[in-house]
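A closer look at the structure
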Amino acid sequence: MQRTLAIIKPDAVGNHCAGAIIKRIEESGLKICALRMVTLTQQGAEGFYAVHKDKPFFSALTAFMSSGPAVVLALEGENAIRRWRDLMGATNPDEAEAGTLRKEFGASIDRNATHGSDAEDTAAYELNYFFCGVELLR
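My aim in this report is to walk through the structure given alongside it, one point at a time.

Reading guide: rules and limits
Residues numbered from 1 in each chain as written. Predicted model: local features only at pLDDT ≥ 70, side-chain atom pairs only at ≥ 80, totals over all residues. Heavy atoms only, no water. Salt bridge = Lys/Arg side-chain N within 4 Å of Asp/Glu carboxyl O. Helix = DSSP H or I, 4+ residues; strand = E, 2+ residues; numbered from the N terminus. Buried < 20%, exposed > 50% of the residue type's maximum accessible area, 1.4 Å probe, protein only. Phe/Tyr/Trp six-rings, centres within 6.5 Å; stacked < 30°, edge-to-face > 60°. Lys, Arg positive; Asp, Glu negative; His and termini not counted. Contact = heavy atoms within 4.5 Å. Pairing = 2+ DSSP bridges. Axes fitted to C-alpha atoms, helices over the stretch in contact; angles between N-to-C directions.

**Some words on the pattern of salt bridges**
Tallied over the full model, the rule gives four salt bridges. Notably, a salt bridge pairs Lys23 with Glu27, separated by 3.5 Å at the nearest N-O pair. You can see Lys23 and its partner Glu27 sitting in helix H2 (residues 18-28), four residues apart, about one turn around the helix. Glu27 sits in the exposed class, given a relative accessible area of 54%. Where Asp86 meets Arg82, a salt bridge forms, and the shortest distance between an N and an O atom there is 3.0 Å. With Asp86 and Arg82 both in helix H5 (residues 80-88), this residue pair falls four residues apart, about one helical turn.

Dropping the structure here:
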C-alpha cells in the first residue's frame, strides 16, 4: 500500500466542488486516511511550495494557495500516487483528458482544482507537512 497527499485547492472549495471531488476519490477506490480543511497563511504556503521558490510562478502560487480554505487529504491504496495523479489529470485543464478532475473542475493552469504528490519522497514530506503527529487510519 502506498500513501499520497491530495489537496482540493481554494478555487474548487470556493466553487463548492469539494464534495464532488471527494466522492470521485472514494469511487476510485482510494482510501481516505485523514482529511481536514485548512487555510494556509502566506508563510505556510511558501513553506509547502519551497521547492518552487526560484520559479517565476512561486509568488502567484503561494498567494493563491493562501487565498482561502483548502481540503487536504491523506490517500492510501495500491499505486496511490499514480492513481491520484491519473484521476487529477494534466496540470493544465485545457490539456487534461475528459473525465479527469482538472478537466471538470479546473479553470486554468493556475486554478486547477487539485494538487497531488508526484513521488514517494514528495508524498512523505507533504503528508508530514499537513498531518505531522496525526495518526492516519489503517
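**Here we look at the packing of aromatic side chains**
For any two aromatic rings, the description comes down to two numbers: the centre-to-centre distance and the angle of the planes. Enumeration over the complete set of coordinates arrives at five aromatic pairs. Relative to Tyr129, the ring of Tyr125 lies with its centre 6.0 Å away and its plane at 45°, an arrangement referred to as tilted. With Tyr125 and Tyr129 both in helix H7 (residues 120-131), this residue pair falls four residues apart, about one helical turn. The exposure class of Tyr129 is partly exposed, given its relative accessible area of 31%. Aromatic side chains Tyr129 and Phe130 sit 5.3 Å apart centroid to centroid with 70° between the ring planes, which places their arrangement in the edge-to-face category. Under the relative-accessibility criterion, Phe130 is labelled buried at 6%. Clustering of aromatic rings is evident, with ring pairs tying together Phe48, Tyr49, Tyr125, Tyr129 and Phe130.

**Quick notes on the side chain of Arg102**
Take Arg102: it is sitting in helix H6 (residues 101-105). The charged side chain of Arg102 is buried without a salt bridge, its nearest counter-charge being Asp11 at 8.6 Å. With near-sequence residues (within four places) excluded, Arg102 lies in contact with Met88, Gly89, Ala90, Thr91, Pro93, Ala96, Asn112, Thr114 and His115.

**Section: the side chain of Thr62**
Along the chain, Thr62 turns up in helix H4 (residues 58-65). With relative accessibility at 1%, the residue Thr62 sits in the buried group.

**As for the sheet that holds strand S1 (residues 2-8)**
With antiparallel pairing, four strands are arranged side by side in an open sheet as S2-S3-S1-S4. Each edge of the sheet is formed by a strand with only one pairing partner; in this case those strands are strand S2 (31-38) and strand S4 (114-116). Neighbouring strand axes in the sheet, compared pairwise and without regard to direction, differ in orientation by 20° on average. Relative to strand S3 (residues 70-77), S2 is paired through seven bridges, and the arrangement is antiparallel. Considered in S3, the bridge of Ile32 is made with Leu75. Here H5 sits on the sheet and contacts S1, S3 and S4; the angle it forms with S1, its principal contact strand, is near 30°. Together, S1, S2, S3 and S4 form the strand contacts of H7, whose direction differs from that of S1 by roughly 60°.

In short, geometric facts, not functional conclusions.
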